[in-house]
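The chain contents come next:
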Amino acid sequence: MGTSPNKAARISGAASIHRFYSENAWIEGKAEEQLDAVAAMEGIIAIAAFPDLHPGKYGPVGSAILSDRIYPQLIGNDIGCGMSLYALDLPARKFRLDKAARKLRLLEGVWDGDAGARLASDGLPPDLHPNALGTIGGGNHFCELQVVDTVLDDIGLERGQLMLLVHSGSRSFGTEVFSSVIDHSGGFDPDSETGQAYMEAHRQAVLWASLNRAIIVERAARALHCDFRPVCNAPHNLIEPGPRGLLHRKGAAKADMPIVPLAGSRDALSYLLKPNRHKPEALASLAHGAGRKYDRRSMTGRAGVTRSDRENLSRTSFGGLVICEDRQLLIEEAPQAYKDPAHVVGQLQAARLAEPVAALKPLLTFKKATPEGHQASARKKWNSLGTRRAER
DNA sequence: ATGTTC
């Protein structure tokens, strides 16, 4: 790994923090405190903070942290989590929202493919959490059907093109890796046995998470009877060893690629960004989404209080649908819990970090399905059939 | 975040 080129900053106490947001950004004081706390940790060289910044369990989400020590807690359990975007070979006029919603429900179950073979072909042990492979998970994870709404630059996409954005990670495997590191509070020397063991498990988790997203799109495309092509794959929760040190991205998208997705909330546009490569202080990273405005707990009472509120959370102002048949999750992930992604993009533009090249409108967000939900939708369908019969 | 949590 070598020593840091900025040892003076390290010895003098706190690493430099570059904030890529203005006073107009919604940034909680607790997130700022977490930035300062991380800057004071041993071996931290530099920090970049993005406008989707919000407090996390161990550190600020929405930041890139360059360090000469390994800090597993800055990454947490979902090692390798990220966003993969695909263009679907599905004509928009052939697309039926209600039918697609029914078909995508199969993502809830386990994948029936040959997990062992796919793991092996990616150089991973075939018995590495095979049953979790190809599943979305919970929390802020989702699989969203989108339509290209605006094109600002030629990136091979046209208005009306259907897309699939997959946000998922390393599921139970990443959790196992993180929970197996004991006493990580002081970080690890990259040359130590513990540090090297963690980095090897971490490397596998990053590959696992990327494969997981690839299998999720395969499952979705098969259900929708269409082909697909990858547009970008941007992890935002990982450590990347490099010439300047160990770059920890905690909810900051890897941005040294042509196009980086910035996810909106269920009821807001997502954006495709073209990163500005001439900003080394951004640590080759960008905001990864809108960023939370309110934490999960405080969403109770703030959204989905009445039954009709909750029903409204399953529909979007764009005429889209949200499949989230877990009441608590529906409330925690309500659009109101998130900042405005357009504002986050505006902050990145103002900081000259990136330019938007396309905006994507959500059509169908799949998060969680239950057998009860299936019965409910079947009942609804039956009822509507009855209504139609009655009308005749 | 997590086949969680009794």
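Residues numbered from 1 in each chain as written. Chains lettered and ligands numbered in written order. Predicted model: local features only at pLDDT ≥ 70, side-chain atom pairs only at ≥ 80, totals over all residues. Heavy atoms only, no water.

Looking at an unreviewed UniProt entry, one finds chain A named 3'-phosphate/5'-hydroxy nucleic acid ligase, with Martelella mangrovi as its source organism. Per UniProt, chain A carries the Cofactor (unreviewed entry) text "Mn(2+)". The Catalytic activity (unreviewed entry) comment attached to chain A in UniProt states, word for word, "a 3'-end 3'-phospho-ribonucleotide-RNA + a 5'-end dephospho-ribonucleoside-RNA + GTP = a ribonucleotidyl-ribonucleotide-RNA + GMP + diphosphate". (UniProt positions renumbered as here; feature names shortened; annotations may be inferred.)

**Structural notes on the overall build of chain A**
The number of helices and strands found in chain A is 11 helices and 15 strands. Since a compact globule built from 392 residues should have a radius of gyration of about 21 Å, the 21 Å found for chain A is in line with a globular shape. Counting only C-alpha atoms, chain A reaches 80 × 50 × 45 Å along its principal axes. Residues classed as buried in chain A amount to 53% of the 392 residues present. Accessible surface, chain A as shown: approximately 17,600 Å² in total, 51% of it carbon and sulfur. (Helix = DSSP H or I, 4+ residues; strand = E, 2+ residues; numbered from the N terminus. Rg over C-alpha atoms; globule rule 2.2 N^0.38 Å. Buried < 20%, exposed > 50% of the residue type's maximum accessible area, 1.4 Å probe, protein only. Areas by Shrake-Rupley, 256 points an atom, 1.4 Å probe, with all protein chains shown as cover.)

**Notes on helix H4 (residues 97-104)**
Among all positions in H4, only Ala100, Ala101 and Leu104 are buried. Seen from one end, H4 has its buried residues packed into an arc of 105 degrees, which puts them on one side. (Arc of directions from axis to C-beta.)

**Some words on the sheet that holds strand S8 (residues 237-242)**
Ordered in space as S1-S2-S3-S9-S8, the five strands form an open sheet in which the pairing is mixed. If you trace the sheet from one side to the other, it starts and ends with strand S1 (16-19) and S8, each paired once. Taking each pair of neighbouring strands and ignoring which way they run, the sheet shows an average axis angle of 15 degrees. Pairing analysis gives six bridges linking strand S2 (residues 44-54) to strand S3 (residues 61-67), with the strands arranged antiparallel. Note that in S3 the partner of Ala49 across the bridge is Ser63. Packed onto the sheet, helix H7 (residues 193-223) meets S8 and strand S9 (245-250) and runs at close to 120 degrees relative to S8. (Pairing = 2+ DSSP bridges. Axes fitted to C-alpha atoms, helices over the stretch in contact; angles between N-to-C directions. Contact = heavy atoms within 4.5 Å.)

**Observations regarding the protein's contact with DNA strand B**
Around DNA strand B, the surrounding shell consists of Asn77, Asn131, Gly137, Gly138, Gly139, Asn140, His141, Arg171, Ser172, Thr175 and Arg296. Counting only atoms of DNA strand B within 4 Å of the protein, the sugar-phosphate share comes to 73%. Within the backbone of Gly138, a nitrogen or oxygen atom sits 2.6 Å from a phosphate oxygen of DNA strand B. Side-chain polar atom of Arg296 to a phosphate oxygen of DNA strand B: 3.3 Å apart, as the coordinates give it. (Near = heavy atom within 4 Å. Polar contact = N/O pair within 3.5 Å; in protein donor to acceptor, adjacent residues only side chain to side chain.)

**What to know about a positive patch on the surface**
Where like charges cluster on the molecular surface, the positive patch consists of Arg93, Lys94, Arg96, Lys99, Arg102 and Lys103. Its location among the elements puts Arg102 in helix H4. (Patch = residues over 30% accessible without salt bridge, like charges linked within 9 Å, V, L, I, M, F, W, Y side chains within 5 Å. Salt bridge = Lys/Arg side-chain N within 4 Å of Asp/Glu carboxyl O. Lys, Arg positive; Asp, Glu negative; His and termini not counted. Charge placed at Lys NZ, Arg CZ, Asp CG, Glu CD.)

**Topic: the nonpolar core**
The tendency in soluble globular proteins is for nonpolar side chains to be buried side by side. Counting residues in each nonpolar core, the largest one holds 29 residues, and the members touching the most others are Phe50, Leu262, Leu273, Leu286, Leu348 and Leu353. Those elements giving two or more residues to this core turn out to be S2, S3, strand S10 (252-254), strand S11 (260-262), strand S12 (270-275), strand S13 (285-287), helix H10 (341-350) and strand S15 (354-368). In terms of residues, this core owes the most to one element, S2, which gives four residues. Apart from residues no more than four positions distant in its own chain, Leu353 is found in contact with Phe20, Phe50, Lys274, Pro275, Asn276, Lys279, Ala282, Leu286 and Leu348. (Core = buried A, V, L, I, M, F, W, Y, C linked by side-chain atoms within 4.5 Å.)

**Regarding the environment of Arg222**
Tracing the backbone shows Arg222 in helix H7. Given a relative accessible area of 67%, Arg222 falls into the exposed group. Residues Arg222 and Ile331, spaced 109 residues apart in sequence, show a C-alpha to C-alpha distance of 30 Å.

**Details of the side chain of Glu333**
Mapped onto the elements, Glu333 comes out in the loop between helix H9 (327-332) and H10. At 3.1 Å, the side chain of Glu333 forms a polar contact with the side chain of Arg292.

**Things to note about the packing of helix H6 (residues 171-180) against H7**
It is at 9 Å that the axes of H6 and H7 come closest, and there the two elements cross at 165 degrees. Judged by the inter-axis angle, H6 sits roughly antiparallel to H7. Crossing geometry of H6 relative to H7 is assigned as left-handed. Contacts from Arg171, Phe173 and Val177 in H6 reach Tyr198, Ala201, His202, Gln204, Ala205, Trp208 and Asn212 in H7. For the contact of H6 with H7, a count of residues per class yields six nonpolar, three polar and one charged. (Parallel < 35°, antiparallel > 145°, perpendicular 65-115°, else oblique. Left-handed = near helix turned anticlockwise from the far one by under 90°. Nonpolar A, V, L, I, M, F, W, Y, C, P; charged D, E, K, R; others polar.)

**Side note on the pairing of strand S14 (residues 321-324)**
Alternating positions in S14 separate into two faces, Leu321 and Ile323 on one and Val322 and Cys324 on the other, with burial throughout. Of the pairings in the sheet, the one linking S14 to S15 comprises four bridges and is parallel in character. Residue pairing in the sheet places Cys324 in a bridge with Lys368 of S15.

**Quick notes on the state of the cysteines**
Under the counting rule described, the total for this entry stands at zero disulfides. You can see Cys324 has no disulfide; the closest cysteine sulfur is in Cys143, sitting 14 Å from it. (Disulfide = S-S within 2.5 Å.)

**Some points on unusual backbone geometry**
Phi angles above zero are rare outside glycine, and His225 is one such case at about 55 degrees. Topologically, His225 is positioned in the loop between H7 and strand S7 (227-235). A positive phi angle, close to 55 degrees, is found at Arg352, a residue other than glycine. Secondary-structure assignment places Arg352 in the loop between H10 and S15.

**Examining the pattern of salt bridges**
For the structure on display, the rule yields 18 salt bridges. Among the ionic pairs, Arg249 bridges to Glu240, the shortest N-O distance being 3.2 Å. We classify Arg249 as buried; its relative accessible area is 0%. Notably, a salt bridge pairs Arg296 with Glu332, separated by 3.1 Å at the nearest N-O pair. On the criterion of sequence distance, the pair formed by Arg296 in the loop between S13 and helix H8 (307-313) and Glu332 in helix H9 is long-range, its members being 36 residues apart. Residues participating in the shared-partner salt-bridge network are Arg266, Arg292, Arg296, Glu332, Glu333 and Lys367.

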